[in-house]
Amino acid sequence: MKIAVRMDDIVPEMDWAKFGKFKALLDEYKIKPLIGVVPDNQDENLKRAQGGGISCAYPAPENFWEYVKKLQEHGWAIAMHGYQHIYTQKNGGLFPLNHFSEFAGLDYDRQLAMLEKGREIMESHGLKTDIFMAPAHSYDRNTLKALQKAGFGKITDGFGKTPYYWNKMYFYPISFRLQSDLKKKKGTTVMVVHTNTVNEKDMEKYRRIFMENEMVSYGEYLKIRAVKRGFCGHWAEYILAAIKHLLVKLL
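What you see is a predicted model, and the numbers here were worked out from it, not measured in a lab.

Any chance you could explain the overall build of the chain here in plain terms?
Assigned secondary structure in the chain consists of eight helices and 10 strands. In terms of overall dimensions, the chain has a C-alpha envelope of 45 × 40 × 35 Å along the principal axes. Residues counted as buried form 50% of the 251 residues belonging to the chain. Within the chain, contacts between residues separated by at least 24 positions form 75% of all contacts whose residues are at least 6 apart in sequence. When the accessible surface of the chain is split by element, carbon and sulfur atoms take 52% of a total near 12300 Å². Positive and negative charge centroids in the chain, built from 37 and 29 side chains respectively, lie 8 Å apart.

Given below as structure tokens:
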């Protein structure tokens, strides 16, 4: 199975040492990921380093937005990762990996306003994208409707071996269980990385994955033709997400 990389929680105040070390690993294996940029980060949990033993010095860029723009120019895919990354709703939405959300549970007008503000901030810094990355993976039907109105046609979430089209949106699935997916021969999946919380052990694991598997840049993943998904496929995905939520709680 081919593996692409998605990186969440890209903000000016993140742990740049960890980001820099993971970026160096991506560069070594010529992998260009998708990164989720929070337009107006207000989440205090993303504003402080999380520890973990990585000591190499990768300083923060002088201009965050110019740096992200250069990454995009060099082939990194960009997604808008919510608006402020603040969880105000206890709602898992249509993909209930988590039972909290920045968007799911809010009315359509409120969600549209948040998406438009986020898009305005991104574009004011020269960043354009039609890919949305929902904080906590949680979104509902109002989110999908508002995304279309705000000019987003793609969402990086769901489960499956290939991109799919559902509810007038293109979905680019993430891995249900990466270790199991690595053993499969067909299809493409996406590994999700939060560099703020990685440690040295995680870095070694990622290096082994990159060495032993067929890695693809996210831009290549976006070129795969999407298949249509119907009612049964959506409900199977919903049940899998609910099961994974329960398993994570038990563990």
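For this particular structure, what's the right way to read the side chain of aspartate 181?
Topologically, aspartate 181 is positioned in helix α5 (residues 178-181). Here aspartate 181 is in contact with Met1, Ser175, Phe176 and Thr189, once residues within four sequence places are set aside.

Whenever I open this one, helix α8 (residues 231-250) confuses me. Can you help?
Over its 20 residues, α8 runs 29 Å from end to end, which matches the ideal 28 Å to within 8%, given 1.5 Å per residue. Contacts made by the buried residues of α8 are with β6 (164-166).

About the thresholds
- Residues numbered from 1 in each chain as written.
- Predicted model: local features only at pLDDT ≥ 70, side-chain atom pairs only at ≥ 80, totals over all residues.
- Heavy atoms only, no water.
- Helix = DSSP H or I, 4+ residues; strand = E, 2+ residues; numbered from the N terminus.
- Buried < 20%, exposed > 50% of the residue type's maximum accessible area, 1.4 Å probe, protein only.
- Contact = heavy atoms within 4.5 Å.
- Areas by Shrake-Rupley, 256 points an atom, 1.4 Å probe, with all protein chains shown as cover.
- Lys, Arg positive; Asp, Glu negative; His and termini not counted.
- Charge placed at Lys NZ, Arg CZ, Asp CG, Glu CD.
- Expected span 1.5 Å × (residues − 1).

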